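Read off the chains here:
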Protein chains: 2
Amino acid sequence: MSSYEVDLLITNVKVFNSYYKQFRHGMVAVKNGQFAYIGDGDSHRFSAAVTVQGEGRHLIPGLIDIHLHIESSMVTPATFSHGIIRRGVTTIVPEPHEMANVFGIEGVQEMMAASQNTVCDMFYGIPSSVPATPLETTGGSIEIADIDELMTSGNIACLGEIMNYVDVIRDPDCKTNHILRHVKESYPHLVIEGHTPKLLDLDLHRIMLAGVDSDHTHQSIEGMTARIAAGMFIELQEKSMTPEVMEYVIRHDVAEHFCFVTDDVMTDRLAWEGHLDHIVRKAIHMGMSPEDAIYAATFTPARRMKMTDRGTVSPGKVADFLLLSDVNEFVIDEVYKKGHLVYREGDSYLQTVEDKQFPAHFYRSVQLCSLTAEDLDVHVPIQDGLYRCRAMIVKDGSTFTEERLVDIPVRNQRLCWQESGYGLIATFERYGKNGNRAYGLIGGDTIQRGAIATTYSHDNHNLLVVGHQVDDMLAAANHVVGVQGGFCVAGDGSVQAALDLPVGGILTEAPLEETAVQVEQLVSAMRGLGYKHYNPIMSVSTHSLPVSPALKITDHGLIDVNAGKVVPLIVERVGDLVSV
Amino acid sequence: MSSYEVDLLITNVKVFNSYYKQFRHGMVAVKNGQFAYIGDGDSHRFSAAVTVQGEGRHLIPGLIDIHLHIESSMVTPATFSHGIIRRGVTTIVPEPHEMANVFGIEGVQEMMAASQNTVCDMFYGIPSSVPATPLETTGGSIEIADIDELMTSGNIACLGEIMNYVDVIRDPDCKTNHILRHVKESYPHLVIEGHTPKLLDLDLHRIMLAGVDSDHTHQSIEGMTARIAAGMFIELQEKSMTPEVMEYVIRHDVAEHFCFVTDDVMTDRLAWEGHLDHIVRKAIHMGMSPEDAIYAATFTPARRMKMTDRGTVSPGKVADFLLLSDVNEFVIDEVYKKGHLVYREGDSYLQTVEDKQFPAHFYRSVQLCSLTAEDLDVHVPIQDGLYRCRAMIVKDGSTFTEERLVDIPVRNQRLCWQESGYGLIATFERYGKNGNRAYGLIGGDTIQRGAIATTYSHDNHNLLVVGHQVDDMLAAANHVVGVQGGFCVAGDGSVQAALDLPVGGILTEAPLEETAVQVEQLVSAMRGLGYKHYNPIMSVSTHSLPVSPALKITDHGLIDVNAGKVVPLIVERVGDLVSV
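Residues numbered from 1 in each chain as written. Chains lettered and ligands numbered in written order. Predicted model: local features only at pLDDT ≥ 70, side-chain atom pairs only at ≥ 80, totals over all residues. Heavy atoms only, no water.

Digging into the pattern of salt bridges
Link 1 in the chain: Under the definition given, this model contains 56 salt bridges over all chains.
Link 2 in the chain: For the salt bridge of A:Glu403 with A:Arg390, the shortest nitrogen-to-oxygen distance reads 3.2 Å. In this pair, A:Glu403 is assigned in strand β19 (residues 401-411) and A:Arg390 in strand β18 (residues 385-394), connecting sequence segments 13 residues apart.
Link 3 in the chain: For B:Arg251, the salt bridge identified is with B:Glu247, shortest N-O distance 3.1 Å. (Salt bridge = Lys/Arg side-chain N within 4 Å of Asp/Glu carboxyl O. Helix = DSSP H or I, 4+ residues; strand = E, 2+ residues; numbered from the N terminus.)

Here's what the structure looks like:
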């Protein structure tokens, strides 16, 4: 018999068999970017262009992350790919609803275009909930016609998370139900991703009847078992990896029903700590077998997204794989993509930075002039007096805020917030659509002095300013306006730390590690101004998220999220001013 | 809270949960043909148009058979649906390669059209191997353009079984490899069904690299475990349900990797014994838990065919379900299709017979005149003498034949087969394409006197005649020609049993049970003429199948199947005739 010509032969490896969930000693042959043979036969049957000595290492499929948002890392797809390839992540399903809120369908299309040549394969989720509510002004929206247009591209994996689960259940005529009916009718095989926090019993079954059959929100045992029993697929992100949940998935026969995902990973954690590899490592440290942890980061996510061409090391699948020197510590030695070495521990791994990857107007998305002190005056056309106002109270450990009622003087038709002990939070519509602005009071675990300004404010990405001193607020805000978007911290009248995000006001084209350092500087500066939160950037950027309880702010005004409506800053007059 | 309006509520049932593989007591609500709720909540929350008292019975998903050929039962899709609905089979994936061999793409399209209104949902496999070899004349073929045309219909589940596995492995340029490359390129998500008997190791991995990733042929433990480890999906038909194979799948964690299928079920077994329900019952009798047996006849087949809308009793899935009065004996009480009762044990269950469901020319497919005695003369333009000839030897228990060399006189340019102790087997091309005919000798466990004639002869469905007496052969053959196709047994100069198959010469529109009785009469008549075989109809109808070893016959001549070529009837001259 003549020898079988292959491109790559890796000998002497322990290969992960996804079907028996066990490692088996043998060799792996690759041809035309696909696995051609896995087994313990005679290696002399093969004529290989390249042979790699496996040296007994573990060979596993490339990791697959099916639920994440690249924008959470504030970098481009190219930088993101660079960041995750060395973490062994070879396929992802990003859902770019932040870019969609800024640019509509074009934001999605340009993220897809920017992913065309990345080493990591990127198949996209179509943002289904842009804007997330009608209570904010965004740069763009995603309508049914946009979904149809995006479906004509070959790069779509799913309809992204359905955020408005309450509307879906209660209002048959809401926009999201129109989208769901259209998608089920027109694309019956399209995966529909869910976001169903705390739903149980009939409500849970109603959202499934509407077509939603996965959930990646925080899981309890009760919620997770109800979801699995109903046929939902569970996507466990790090915050769901509690001891109880992990013990449950380790001890019960539910391996087919869940996978691991990252959802949102901050730039610094992506640069220094890891990505889906970190989740796998953590699962193993929490007592899951490496086989089961790998299965949940390769096989089940691929199957969930109907990616039948990958997720296992078996004949005909795309040859994306990792060589591990230590399976229990999940130490990645080498990463191969379509049979080509793309990362080796110890070799230099430099990012080729490419700027101006996006259309010119993506760098001119902040349609605002510089702010002046007058913009931070809260003008109220009422008589002088003491007024009871709503303040947004920030809490460490959560992105939820609380509402607190505080009494503030109004003098000369100005709300004297600087006399209140609370900071000012203000947002300015920045797409040139209506010039809306809104003001509120802020307290709790946020900064106690200085200012923060950012266009990285979910999901509308209008200019958000938080501060105690007007000069600091102007310094921060005008830096952000001047560089066409970003995140800036100011104190003592000048900028202390800044991260420029010129692409749509939410992404940078700078290299990952440089950006990570700037993110750390931002966090450090915010902590220096008194911010007490495990993740101050996430905390600030969700002050404007009107689907996250309880009191938030958009350009429409203060939002009572649980009531789903705008509420006034001033609740009532409580008395006269006491003259000094 | 207002009550939730549903169409159907079944209370007090033990519902099969496919995700935990266990029965759970509760209720099931159906709305618009889909399951809307499953659980043990308060039934008063529902306002149901119809309520069914479950009385503690077991409720399971409708059975799903993803690999079968309707033509094996010699009835129309309507009759087949009638036959399997009462067996609890609510979705099937038929692959009509017999009709395709007779009529090409039109045969497939008309089978699909004839399935449009059947109670059982039918999603089709596109025949990939028509004709199975170039060594026969058929009425039609399936080419790449036909596949493209069929793919535009919404009713396709897969590319049907790739028969020519040897060519696929050995000849990169064979027709089947062209089809595989085209399908993988143009329809990357289309399921491709396989037929990979006995392949192991590198050959197995090569066929998988070509895109084939299931096998429904007879399984051994070694072959099945190699297939599962390589990522193949196993479809177990009854002949694979040996004690060893069943013990293996019962004891090992491979439930995700196999399902049960029927492949070919003869009319009489379909009428009297059952269908996929029979396989499930047999699996339970062989020691498999009802939960695992049901899983392999509902969940895994649906997933294999990417039918994400069915296969479980869970919210949003099509409400196809069965009520069982005895789960261990798998006794089906009631069958529901899309939430409607379609069968109840004890109620009358009559078939509405509809004839002329197909286009007029489907009833005129036998382009042959009546045969005369001269047609059964084997004319050989050689001198008188004794000649060594190939005889096809039929063996009970198999569709494989053997070749035996026997010495036969030639006198006056006629092969004197009637003096040989062997019967004559002859085939006549019947599509009006070339008038080909071929002759051979037949012996072994076939009939010892009388004659059989049929157009139900795989896969070419030319007229096949086997017999010992010329008058019987003419009686049988001319009955078949006269009724435009069928199966006929003659003895003592007249027809003893006949089944007319006027649709393409391979199907009848008569009711199932009437046809089953005729099939039994055919078998009985053949046994009366000496046929020793557990399934004489299958035995005869595969004499013309040139992919089934070892010596077969087509209109091209005798086929040495292992060599893949036509071989002459007469091997050599061995001597002179001894004058009497």
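That covers the picture; the talk isn't over yet.
Section: the interface of chain A and chain B
Link 1 in the chain: Contacts between the two partners involve 39 residues from chain A and, on the opposite side, 39 residues from chain B.
Link 2 in the chain: Across the chain A to chain B interface the summed buried area is about 3,400 Å²; carbon plus sulfur atoms make up 57%.
Link 3 in the chain: Across the chain A-chain B interface, the total number found is 2 salt bridges.
Link 4 in the chain: Across the chain A-chain B interface, the total number found is 12 residue pairs in polar contact (both at pLDDT 80 or more).
Link 5 in the chain: Contributing elements (two or more residues each) for the side of chain A that touches chain B: β1 (4-17), β2 (22-31), β3 (34-39), α7 (201-209) and α8 (221-230) of chain A.
Link 6 in the chain: With 6 residues, α7(A) is the largest single contributor of residues to the side of chain A that touches chain B.
Link 7 in the chain: Class assignment of the residues belonging to the side of chain A that touches chain B gives a composition of 19 nonpolar, 10 polar and 10 charged. (Contact = heavy atoms within 4.5 Å. Buried area = accessible area lost by both parts, 1.4 Å probe. Polar contact = N/O pair within 3.5 Å; in protein donor to acceptor, adjacent residues only side chain to side chain. Nonpolar A, V, L, I, M, F, W, Y, C, P; charged D, E, K, R; others polar.)

Re the relation of the copies chain A and chain B
Link 1 in the chain: Relative to chain B, chain A is turned by 179° and slid 0.0 Å along the rotation axis, the superposed coordinates differing by an RMSD of 0.1 Å. Here the symmetry operator amounts to a two-fold rotation axis. (Least-squares fit on C-alpha atoms with pLDDT ≥ 70 in both.)

Notes on helix α3 (residues 105-114) of chain B
Residues and elements named next belong to chain B.
Link 1 in the chain: Summarising burial for α3: 7 of the 10 residues are buried, a large majority.
Link 2 in the chain: Listed in full, the buried residues belonging to α3 are Ile105, Gly107, Val108, Glu110, Met111, Met112 and Ala114.
Link 3 in the chain: Where α3 is buried, its residues touch α1 (77-85), α2 (97-103), β9 (124-126), α4 (144-151) and β10 (156-162). (Buried < 20%, exposed > 50% of the residue type's maximum accessible area, 1.4 Å probe, protein only.)

Observations regarding the nonpolar core
Link 1 in the chain: A:Phe260 and B:Phe260 are the most contacted members of the largest nonpolar core, which totals 324 residues.
Link 2 in the chain: Ignoring sequence-local partners within four residues, the contact set of A:Phe260 consists of A:Ile64, A:Leu236, A:Met241, A:Met246, A:Leu276, A:Ile279, A:Ala283, A:Met288, A:Ala293 and A:Ala296. (Core = buried A, V, L, I, M, F, W, Y, C linked by side-chain atoms within 4.5 Å.)

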